[in-house]
Amino acid sequence: MQRSLPVCPEADLPPGKTVKFVYKVDGIAYEGFAANFKGNLVAYENTCQHIPIPLDYDDNRFFTPDGNNFICATHGAIYHPGNGHCLAGPCAGARLKKMHATVVAGEVRVCLPEE
Ligand code: FES
C-alpha cells in the first residue's frame, strides 16, 4: 500500500510557495519539499543531483526570483519545477527525485517512495 504523508493545509501552499517535510525510507530520514508551481502541486526529495546536499540553504528558498524554475543555492543548477529536469548547471540532464503531491480534504499530502 502506498504511504502518504500530510504536509500542510492547502491554504499554506499558494502559488510560488514551498514547504519542506521529513520522511523515512527503510529507517533513513530524508528531506523533501512540496511546491506550488503556478497552481500545480509538485514534490521532490530535497537533494541536488550534482552533489547530494539540499537545494536550499535550510531557508526554504527553492524558486528563482521569477518563479519559473528551482535553483540550487550552492552552484546554481536550474531545475524545471514541473518535472524536476535539470535544465542548466553542473548536473544538466539529471532529474530531481519526484513524489506525487495531491490535496485530500484540504490537506496537501505526498506519496512516499516504497520501502
Ligand atoms: S550542489 Fe547543487 S549545483 Fe552543485
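Caption draft 1: Seen up close, the nonpolar core. Among the nonpolar cores identified, the biggest contains 16 residues, and Phe33, Leu55, Phe70, Tyr79 and Leu96 are the most heavily contacted of them. Mapped by element, the contributors of at least two residues to this core are strand S3 (28-37) and strand S4 (40-45). The element best represented in this core is S3, accounting for three residues. The residues contacting Tyr79, other than those within four sequence positions of it, are Cys48, Gln49, His50, Leu55, Asn69, Phe70, Gly84, His85, Cys86, Leu87, Cys91 and Leu96. Judged by nonpolar contacts, the second largest core, of 14 residues, contains Val7, Phe21, Tyr23 and Val110.

Caption draft 2: Region of the structure containing the pattern of salt bridges. Going through the model one piece at a time under the given rule, you end up with five salt bridges. Of the charged contacts in the structure, one is a salt bridge between Glu115 and Arg3, with a shortest N-O distance of 3.7 Å. Taken together, the residues span a long stretch of sequence, with Glu115 in the segment after strand S10 (107-111) and Arg3 in the segment before strand S1 (4-9) at a distance of 112 residues. Judged by relative accessible area, Arg3 falls into the partly exposed class, the value being 27%. Of the charged contacts in the structure, one is a salt bridge between Asp56 and Lys20, with a shortest N-O distance of 2.8 Å. Of this pair, Asp56 sits in the loop between S4 and strand S5 (70-71) while Lys20 sits in strand S2 (residues 18-25), and the two are 36 residues apart along the sequence.

Rules of the game
- Within each chain, residues carry numbers counting from 1 in the order of the written sequence.
- In view of the model being predicted, local features appear only for residues whose pLDDT reaches at least 70, and side-chain atom pairs are presented and counted only at 80 or more, with totals across whole chains, interfaces and linings using the full set of residues.
- Hydrogen atoms and water are omitted, and side-chain values are computed over all heavy atoms in the structure.
- In this text, buried Ala, Val, Leu, Ile, Met, Phe, Trp, Tyr and Cys residues form a nonpolar core when linked through side-chain atoms within 4.5 Å.
- Burial classes follow relative accessibility: with a 1.4 Å probe on protein chains only, a residue under 20% of its type's maximum area counts as buried, one over 50% as exposed, and anything between as partly exposed.
- Helix numbers and strand numbers start at the N terminus; a helix is a DSSP run of H or I with at least 4 residues, a strand a run of E with at least 2.
- Residues count as neighbours in contact if any of their non-hydrogen atoms are within 4.5 Å of one another.
- Salt bridge, as used here, is a side-chain nitrogen of Lys or Arg placed within 4 Å of a carboxyl oxygen of Asp or Glu.

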